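Now for the letters of each chain:
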Amino acid sequence: MTQRLPLRLAIQDAERKLAEAGVDSPRVDAELLAAHVLGVERSRLALVPLIDPPVLDALARLVAERARRVPVQHLTGAAAMGPLPIMVGPGVFVPRPETELLLAWGLAELRPVATPLVVDLCTGSGALGLALAHARPDATVHGVDLDPAALAWARRNVEARHAAGDTPMRLHAGDVADPELLADLDGRVDLVLCNPPYVPCGTEVPPEVAEHDPGHAVFGGADGLDVIRHVVRCAARLLRPGASLAIEHDDTQGEAVPALLSARRVLTAVADHPDLAGRPRFSTARRV
């Protein structure tokens, strides 16, 4: 008879191996991988006291991959954005938890707006736009990206969310540097959100980022602001009077990005916002 093994001990062993490999959140990742293998929510792992040897073997294989610093989201196939699972993998930027703060700010701005028109620039996997469309079924959301690989992931996510009953986001292949991008929406948009490439070139990043996130989705030139400069110009053109803009940025850009926004005379109410660790994380403004 095959002997079943305590899940608790398997997770402890996985946590130890991931910690030795330098993974930042070894316990969380060990539990996420165990939940993925078992096909249960992480919060329900306590209800699975024992596992069979094939389950242990499958978990061990994933732990070995994670110890080689393959992103846990690549191994499970999904990242979270608010309540949504967003499919991700090689070729697309993995959404980060701190971006949910930008999402929450945008949703708060839209509370008094009926049937809002929203643009998600540098949409990547579509995470921001899809989470907003899920929270606001009355919204029309456009997502824009230049990278065909990212757009392929975004299309998969749009189709999955549409099948789940959400309002589909409209995807566009385009460059934020193009002065004609979404020209038919000029002066009509209620909210522009953007999580652009913003890390200054030469910045040391973790192996998960350096080896697995597309470089063009991470790095934004010598000062990290190359793409953001175009985003500010594009958003100022798209927004209707009184509408809002939010741009995520590097924690070294808490003064530089607000300065770019303030330099546009059509933008006002410029502010910077911290993440949960108190570091500068995103900047906002309103169209006069």
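Residues numbered from 1 in each chain as written. Predicted model: local features only at pLDDT ≥ 70, side-chain atom pairs only at ≥ 80, totals over all residues. Heavy atoms only, no water.

Novice: Describe in detail the nonpolar core, supporting the description with residues and values.
Specialist: Counting residues in each nonpolar core, the largest one holds 33 residues, and the members touching the most others are V119, L121, V189, V192, L238, L245 and L261. Among the secondary structure elements, those contributing two or more residues to this core are β5 (117–121), β8 (189–194), α9 (226–238), β9 (239–248) and α10 (256–262). Of all the elements, α9 adds the most residues to this core, at 7 residues. Every residue in contact with L261, bar those within four places of it in the chain, is listed here: V232, L245, I247, L267, V270, S283, T284 and A285. With 29 residues, the next largest nonpolar core counts V94, L103, A131 and V158 among its residues. (Core = buried A, V, L, I, M, F, W, Y, C linked by side-chain atoms within 4.5 Å. Buried < 20%, exposed > 50% of the residue type's maximum accessible area, 1.4 Å probe, protein only. Helix = DSSP H or I, 4+ residues; strand = E, 2+ residues; numbered from the N terminus. Contact = heavy atoms within 4.5 Å.)

Novice: With reference to specific residues and values, describe the side chain of D29.
Specialist: For D29, the location among the structural elements is in helix α2 (residues 26–38). Here R66 takes part through its side chain, which lies 2.8 Å from a polar atom of the side chain of D29. In this view, D29 contacts L18, V23, R66 and V72; residues no more than four positions away in its chain are not counted. (Polar contact = N/O pair within 3.5 Å; in protein donor to acceptor, adjacent residues only side chain to side chain.)

Novice: Tell me what's going on with α2, and back it up with residues and numbers.
Specialist: Taking 1.5 Å of rise per residue, 13 residues should cover 18 Å, and α2 covers 18 Å from first to last C-alpha, within 8% of that figure. Within the span of α2, buried status applies to P26, D29, A30, E31, L33, A34 and A35. Following α2 by one or two positions, G39 adopts a phi angle in the positive range, close to 75°. (Expected span 1.5 Å × (residues − 1).)

Novice: Let's hear about the pairing of strand β11 (residues 280–287): which residues, and what values?
Specialist: Where β9 meets β11, 5 bridges bridge the pair, whose relative direction is antiparallel. Bridged to L245 within β11 is A285. Relative to β11, strand β10 (residues 267–274) runs antiparallel, the two sharing 6 bridges. Its bridge partner being in β11, P274 is matched across the sheet by P280. Counting the residues in the hairpin turn of β10 and β11 gives 5 residues, including G278, whose phi is positive at 85°. (Pairing = 2+ DSSP bridges.)

Novice: Describe the environment of A14, naming the residues involved and giving the relevant values.
Specialist: Within the secondary structure, A14 sits in helix α1 (residues 7–20). Look at A14 and you get buried, because its relative accessible area is 3%. When the C-alpha positions of A14 and A67 are compared, they lie 9.3 Å apart, and in sequence the two are 53 residues distant. Those residues in contact with A14 that lie beyond four places of it in its chain are A30 and V63.

Novice: Account for the packing of helix α5 (residues 99–110) against helix α6 (residues 127–135), with residues named and values stated.
Specialist: Packed helices, taken two at a time, are described by the angle between their axes plus the distance between the axes. α6 packs onto α5 with a crossing angle of 40° between their chain directions and a minimal axis gap of 10 Å. Here α5 is positioned oblique relative to α6, judged by the angle of their axes. In this structure, α5 meets α6 at a crossing whose hand is right-handed. Judged by residue contacts, T99, L102, L103, L107 and L110 of α5 engage L128, A131, L132 and A135 from α6. Taken together, the residues of the contact of α5 with α6 sort by class into 8 nonpolar, 1 polar and no charged. (Axes fitted to C-alpha atoms, helices over the stretch in contact; angles between N-to-C directions. Parallel < 35°, antiparallel > 145°, perpendicular 65-115°, else oblique. Left-handed = near helix turned anticlockwise from the far one by under 90°. Nonpolar A, V, L, I, M, F, W, Y, C, P; charged D, E, K, R; others polar.)

Novice: Residues and numbers for the packing of α1 against helix α3 (residues 53–67), please.
Specialist: Between α1 and α3, the shortest axis-to-axis distance is 10 Å and the interhelical angle comes to 15°. Judged by the angle between their axes, α1 and α3 are roughly parallel. Every pair of crossing elements has a handedness; the one defined by α1 and α3 is right-handed. Facing A10, A14, K17 and L18 of α1, the residues of α3 in contact are L56, L59, V63, R66 and A67. Of the residues in the contact of α1 with α3, the class split is 7 nonpolar, no polar and 2 charged.

Novice: Could you give an account of the layout of surface pockets, naming the residues involved and the relevant values?
Specialist: Roughly 1,500 Å³ of volume is contained in the largest pocket. Lining of the largest pocket is provided by 47 residues; of these, Q73, V94, P95, R96 and P97 occupy positions nearest its centre. For the lining of the largest pocket, the secondary structure elements donating two or more residues are α2, α4 (72–76), β3 (78–81), β4 (84–87) and α8 (207–212). The element that contributes the greatest number of residues to the lining of the largest pocket is α2, accounting for 5 residues. In this structure, the second largest pocket spans a volume of roughly 470 Å³. For the second largest pocket, the lining is made up of 29 residues, of which C122, G124, D145, P197 and A217 are closest to its centre. If you list the elements that add at least two residues to the lining of the second largest pocket, you get α6 and β6 (140–145). Its residues assigned to classes, the lining of the second largest pocket shows 16 nonpolar, 8 polar and 5 charged. (1 Å grid on protein atoms, 1.4 Å probe; cavity = no way out; pocket = protein on both sides within 12 Å on 5 of 7 lines; lining within 4 Å. Points joined across faces, edges and corners; volume = space filled by probe spheres on them.)

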